[in-house]
Amino acid sequence: MQLDTGSIVRTRTLTAVADGAPVAVPDPGHLVHLQFRRFAGCPICHLHLRSVVRRHAEIEAAGIREVVVFHSAAGELREHVADLPFAVIADPRKRLYAEFGVESSHRALLAARAWRAIAVGTLDILRGRAKPPKLVQGGGRLGLPADFLIAPDGRVLAAGYGVHADDQWPVEKLLALAAQARTVLA
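Quick look at the structure, then. Just so it is clear, the model here is predicted, and its values are computed rather than measured.

**Re helix α5 (residues 112-126)**
- Its 15 residues place the ends of α5 21 Å apart at the C-alpha level, agreeing with the 21 Å of an ideal helix rising 1.5 Å per residue.
- Looking at α5, one finds that the buried residues are A114, A117, I118, G121, D124 and I125. With its buried residues spanning 120 degrees around the axis, α5 presents them on a single face. For α5, the exposed residues set more than 90 degrees away from the buried face come down to A112, R116 and L126.
- Tucked into the core, α5 has its buried residues touching α1 (43-54).
- Count one or two residues on from α5 and you reach G128, which has phi positive near 80 degrees.

Okay, here's the thing in structure tokens:
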């Protein structure tokens, strides 16, 4: 079951893979951009998250806390996300994916945009800028991304479910949604 705008996310504390720090979702002091990505080392996810890293200071200045979920085990994720400046959460059993209605699909890799991202991400791997993924992924390789903007009170202010593997919110859209949310929350 997918979440809609206005749905309520129950309070929970997740654990960041990099340092074991607790991560509150929702966060009582910030908007939370909860991203569901695919697997550790996914070249599409790597490319997208680099765009988020480049503008992370701007995202933080907008009052947004980034929380990124992968369906890989924590040990596998650590080597791929150690340099990211935001919380990364391991969900190898896909419990959060199920709760938020995030699915997998054979159409995940059908879009030209997904193949372009795979090509660019693979070049990063070949150039040593990224680590390659494991050949076999426990959660599969056909995951679809999803994005949620969650208010401090747990209300879903915006939800986006990807129709292919490279269908996620660009930073510009996230910042625009956060600006809209401030008027709703004021």
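**Examining the pattern of salt bridges**
- For the structure shown, the criterion picks out eight salt bridges.
- The salt bridge partner of E99 is R12, with a shortest N-O separation of 2.5 Å. Placement of E99 in helix α4 (residues 95-100) and of R12 in strand β1 (residues 12-15) is noted, with a sequence separation of 87 residues between them.
- Across the pair R65 and D27 runs a salt bridge whose closest N-O atoms are separated by 3.3 Å.

**Examining the sheet that holds strand β3 (residues 31-36)**
- Sheet architecture is open: five strands sit in the order β5-β4-β3-β6-β7, paired in mixed fashion. Looking at strand neighbours, the two that pair on one side only are β5 (87-90) and β7 (156-161), the edges of this open sheet. The sheet shows a mean angle of 15 degrees between the axes of neighbouring strands, direction not considered.
- Pairing analysis gives five bridges linking strand β6 (residues 146-150) to β7, with the strands arranged antiparallel.

**Observations concerning the environment of A130**
- The topology assignment puts A130 in the loop between α5 and β6.
- In this structure A130 comes out as buried when scored by relative accessible area, which is 14%.
- Other than its neighbours up to four places away in sequence, A130 contacts H46, D124 and I125.

Rules behind the numbers
- Residues numbered from 1 in each chain as written.
- Predicted model: local features only at pLDDT ≥ 70, side-chain atom pairs only at ≥ 80, totals over all residues.
- Heavy atoms only, no water.
- Helix = DSSP H or I, 4+ residues; strand = E, 2+ residues; numbered from the N terminus.
- Expected span 1.5 Å × (residues − 1).
- Buried < 20%, exposed > 50% of the residue type's maximum accessible area, 1.4 Å probe, protein only.
- Arc of directions from axis to C-beta.
- Contact = heavy atoms within 4.5 Å.
- Salt bridge = Lys/Arg side-chain N within 4 Å of Asp/Glu carboxyl O.
- Pairing = 2+ DSSP bridges.
- Axes fitted to C-alpha atoms, helices over the stretch in contact; angles between N-to-C directions.

In short, geometric facts, not functional conclusions.
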